Amino acid sequence: MERDIYSDSLKAEAILSEVRCRYNGYLIFIAISGIGDICYCLSAVEEIKRISGKKVLVITREYTSELLKFYNCVDEVIVLEDDDTKSFRALMSLQKEKSVFNKESMKSGLFFCHPLTEESYASIINKEKNYIDIIRKSIKTSGTDFPVTYPCVPEPMLEKFSFDDLSKAVIINPYSFSLDVDNSAIYGKIVSLLTAKGYTVYTNITEEQRPLDSTLPLKCSLQEIYHITKKARLFISIRSGIVDFSVSNNGTFIVLYND
């Protein structure tokens, strides 16, 4: 098992070496984890560009490639094939106990967009609880209160969904790839309460996911969910990357966490 990880990581390092030669002088973000993890890691990208004077390249996978379209400050994007993504996952696993913006990454200009874990949090030796504040202090600029970089999401055409009135609609997002919690009982109560009050309730789904009982299915892109939840009366979601992506739209959110 360990030999496979190191073999795959060596392959990723070889690819990365070629990329760094081709994009000499660029800051490189390896972003193959979840949507939320990437949003957090790119929250300081404009500040990083300002203090370094360099352009930014992001290496990502097909699943998260749409997300990068909404960061105008990202200059180049490389989308990995599935096999190469596996190799880069192995390389990232060797970095899991490091924070994204550590001394080594700040010096090398190579940033691994992995989640903030207990191990990486401990490595920061920081009592801050807010991840954005941790990022600000990790970068160590003269001013710690630089503006957060949020995705810039142009408004799409939503007519195809035939919404009657989004101000009377509630979107529920019960699924997350990163948090597996059975909230079926509470969702049932929420849907009953909302429908009794006259709201139309939608379940945000992808692929083979099923909508909650007594709700309508909603299949949409990241760009569409951003503006749908902006206009909807309420967005109820399990803690997920969609929340991190959409939080700047000034919609009304209720977020469900585990313990």
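Note that the coordinates shown come from a computational prediction; the quantities given were computed from them, not determined experimentally.

Undergrad: Would you take a moment to explain the side chain of Asp8 for this structure?
TA: Within the secondary structure, Asp8 sits in helix α1 (residues 2-22). Despite its burial, Asp8 pairs with no opposite charge; the closest candidate is Lys86, at 4.3 Å N-O. Other than its neighbours up to four places away in sequence, Asp8 contacts Lys86, Ser87 and Ala90.

Undergrad: Would you take a moment to explain the pairing of strand β8 (residues 234-238) for this structure?
TA: Every regular strand shows the same layout, with side chains that alternate between the two sheet faces. Buried residues dominate β8, accounting for five of its five residues. On β8, burial covers both faces: Leu234, Ile236 and Ile238 on one face and Phe235 and Ser237 on the other are all buried. Across four bridges, the pairing between strand β5 (residues 169-173) and β8 is parallel. Counterpart to Ile171 in the pairing with β8 is Phe235. Pairing of β8 with strand β9 (residues 253-256), which is carried by four bridges, proceeds in the parallel orientation. Counted as the bridge partner of Ile236 is Ile254 from β9. Crossover handedness for the path β8 to helix α11 (residues 241-246) to β9: right-handed.

What counts, and where the lines are drawn
Residues numbered from 1 in each chain as written. Predicted model: local features only at pLDDT ≥ 70, side-chain atom pairs only at ≥ 80, totals over all residues. Heavy atoms only, no water. Helix = DSSP H or I, 4+ residues; strand = E, 2+ residues; numbered from the N terminus. Buried < 20%, exposed > 50% of the residue type's maximum accessible area, 1.4 Å probe, protein only. Lys, Arg positive; Asp, Glu negative; His and termini not counted. Salt bridge = Lys/Arg side-chain N within 4 Å of Asp/Glu carboxyl O. Contact = heavy atoms within 4.5 Å. Pairing = 2+ DSSP bridges. Right-handed = clockwise from strand over helix to strand, strands pointing away.

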